[in-house]
Amino acid sequence: MKNFDSFGKNKSGSQTLVRNAALLVLAAVCVLICLRFADGYYAAESVDVKSTVTLSKEDTELSIPEIVKKAKPSVVGISSAFGENSVGTGTGIIFSEDGYIVTNAHVVQNQSDGRRVPAESVTVVLADKTEYPAQIIGADSRTDLAVVKINGGKNKFSAAEFGDSRKLSEGELAVAIGNPLGFELYGSTTCGIISALDRTITIDEYEMTLIQTDAAINPGNSGGPLLNRFGQVVGINSSKIISDYAEGLGFAIPISSAKPVIKDLIQNGYVTGRPRIGISGEDIGEENARYYDLPEGVYVRFIEKNSAADAAGIAVGDIIVAAEGEIVRTMAELNKVKERFGSGDEMTVTVFRRGQKIDIRLVLSEENGHEAM
């Protein structure tokens, strides 16, 4: 007969029960310890992740006052002297701490007899009103971009932060800073939205693809920054359509397309690989053509020595009426044909000379900072 204890179970079963109970208690304790450890581990992990992740500058949108505070030290005034009684003002953006400054080509150039003439002297005025003489490093009329340089010795200048204009969306915030109508309104801020992207506008015989904004841009704002909601430069303010029938039509050069030009200007003083004919001229429109009994086209006013035009025999007074067999009535149309080629390529132009049309074959040279096209 088996020996049962007072609970009606044998001794061996009792021992098993006690052992199992002890194991259960131990397991429960282990689970509690693990849970406690895990809770502490994940809490610690969460803190560590938060403390080690560096948020990008585009993760935090700024208020308009914060944008202005961030960008304004990088915005400068530019005064260009073209003669004793001819001074123009504009705006610029500090591109690098060592004093390279980006602005518009038309801020440091002037039109004279169909040619673009660089300013005789340029002065840069910083946000703290300190003035520096500046050297023109390079200017590119096709993109309306220029770079000037100031020398601060060991001093470092407050360079702007540049964004990516390809990430812009229509309707987002746009802030402009500049010097409208001269230095009396130095450092003015206006704001609006990005009205449109990839607008094709013809300015001074060149087609340009620009950002459209309704932020107020006036003469003197040229060369200043168009800023996004993170206080980054996404455009370089270039022009405004002035009309009795329109308002709020400002345009800026996208920074993503401007950067390669800026770097080329800094490194070479001009944009490399560009084709050049070597002339400057003016359009003969329909009214003048009829009045003077001439064909519509591009009247050649100036020929650069040793240029493609000079070597090919184009003469002052010729009227270019076609290029590669296509009718051209304006410099913009002539440029459009020319841009299909590279430096060293051959191109045929048709000129009207003393009542006759003559085809002239020329070898395009490279733009090298000269202002003839």
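See the structure shown above.
### Comments concerning the overall build of the protein chain
- Counting its secondary structure elements, the protein chain contains 7 helices and 22 strands.
- The burial tally for the protein chain puts 43% of its 373 residues in the buried class.
- Counting contacts in the protein chain only where the partners sit at least 6 residues apart, residues at least 24 apart contribute 60% of the total.
- Carbon and sulfur atoms provide 52% of the accessible area of the protein chain, an area that totals close to 20300 Å².

### Some words on the side chain of arginine 274
- The residue arginine 274 is located in the loop between helix 4 (255-268) and strand 15 (275-276) in this model.
- Here the side chain of arginine 274 touches aspartate 140 through a polar contact of 2.7 Å, side chain to side chain.

### Let's talk about the environment of leucine 168
- For leucine 168, the position within the fold is in the loop between strand 8 (145-149) and strand 9 (173-178).
- The residues touching leucine 168, leaving out its near neighbours within four places in the chain, are Ile194, Leu197, Ile211, Asn228 and Val234.

### With respect to the packing of aromatic side chains
- Tallied over the entire structure, the rule returns 4 aromatic pairs.
- Summarising the aromatic geometry, the rings of phenylalanine 183 and tyrosine 186 are spaced 5.9 Å apart at their centres and angled 75° between planes, so their arrangement reads as edge-to-face.
- Residue phenylalanine 183 is classed as partly exposed on the basis of its relative accessible area of 29%.
- For tyrosine 186, a relative accessible area of 18% gives the class buried.
- When the ring centre of tyrosine 186 is taken as origin, the NZ or CZ atom of lysine 129, which lies over that ring, is 5.2 Å away.
- One cation-aromatic arrangement involves lysine 149 over tyrosine 100; the distance from NZ or CZ to the ring centre is 5.3 Å.

### A word on the nonpolar core
- Counting 28 residues, the largest nonpolar core has Ile236 and Ile262 as the members making the most contacts within it.
- Broken down by element, this core gets its largest block of residues, 5 residues, from helix 4.
- Those residues in contact with isoleucine 262 that sit more than four places away from it in its chain are Phe95, Val102, Val147, Ile236 and Ile255.
- Core analysis: the next-biggest nonpolar cluster, separate from the first, contains 20 residues, Ile279, Val298, Val300 and Met347 among them.

### Quick word on helix 2 (residues 64-71)
- Of all the residues in helix 2, the buried ones are Ile67, Val68 and Ala71. Looking down the long axis of helix 2, one finds its buried residues gathered within 95° of arc, a one-sided arrangement. Summarising the geometry of helix 2, the exposed residues directed more than 90 degrees from the buried face are Pro65 and Lys69.

### Comments concerning the pairing of strand 21 (residues 356-363)
- Examined bridge by bridge, strand 20 (residues 346-353) and strand 21 share 8 bridges and lie antiparallel to one another. Across the sheet, the residue bridging to methionine 347 is leucine 362, located in strand 21.

### Let's talk about the sheet that holds strand 2 (residues 86-94)
- The strand order around the closed barrel built from 6 strands is 1-2-3-8-7-6, with neighbouring strands paired in antiparallel fashion. Neighbour to neighbour, the strand axes of the sheet diverge by 40° on average, direction disregarded.
- As defined by bridge partners, strand 2 adjoins strand 3 (residues 100-103) across 2 bridges and the pair is classed as antiparallel. Among the inter-strand pairings, isoleucine 94 is bridged to a residue of strand 3, identified as isoleucine 101.
- Seen against the sheet, helix 4 touches strand 3, strand 7 (131-140) and strand 8 and runs at an angle of roughly 45° to strand 8.

### Side note on helix 7 (residues 331-338)
- Burial in helix 7 covers these residues: Met331, Leu334, Asn335, Val337 and Lys338. Angular distribution of buried residues about the axis of helix 7 spans 160°; they occupy a single face of the element.

### Things to note about the pattern of salt bridges
- Under the counting rule described, the total for this entry stands at 16 salt bridges.
- Between arginine 301 and glutamate 282 there is a salt bridge whose closest N-O contact spans 2.3 Å. Placement of arginine 301 in strand 17 (residues 297-303) and of glutamate 282 in strand 16 (residues 279-284) is noted, with a sequence separation of 19 residues between them.
- For arginine 301, a relative accessible area of 42% corresponds to the partly exposed category.
- Since its relative accessible area comes to 36%, glutamate 282 is described here as partly exposed.
- The closest approach of N and O atoms between glutamate 326 and arginine 340, which form a salt bridge, is 2.7 Å. Taken together, the residues glutamate 326 in strand 19 (residues 326-327) and arginine 340 in the loop between helix 7 and strand 20 connect sequence positions 14 residues apart.

Basis of the calculations
- Residues numbered from 1 in each chain as written.
- Predicted model: local features only at pLDDT ≥ 70, side-chain atom pairs only at ≥ 80, totals over all residues.
- Heavy atoms only, no water.
- Helix = DSSP H or I, 4+ residues; strand = E, 2+ residues; numbered from the N terminus.
- Buried < 20%, exposed > 50% of the residue type's maximum accessible area, 1.4 Å probe, protein only.
- Contact = heavy atoms within 4.5 Å.
- Areas by Shrake-Rupley, 256 points an atom, 1.4 Å probe, with all protein chains shown as cover.
- Polar contact = N/O pair within 3.5 Å; in protein donor to acceptor, adjacent residues only side chain to side chain.
- Phe/Tyr/Trp six-rings, centres within 6.5 Å; stacked < 30°, edge-to-face > 60°.
- Lys NZ or Arg CZ within 6 Å of the ring centre and 35° of its normal.
- Core = buried A, V, L, I, M, F, W, Y, C linked by side-chain atoms within 4.5 Å.
- Arc of directions from axis to C-beta.
- Pairing = 2+ DSSP bridges.
- Axes fitted to C-alpha atoms, helices over the stretch in contact; angles between N-to-C directions.
- Salt bridge = Lys/Arg side-chain N within 4 Å of Asp/Glu carboxyl O.

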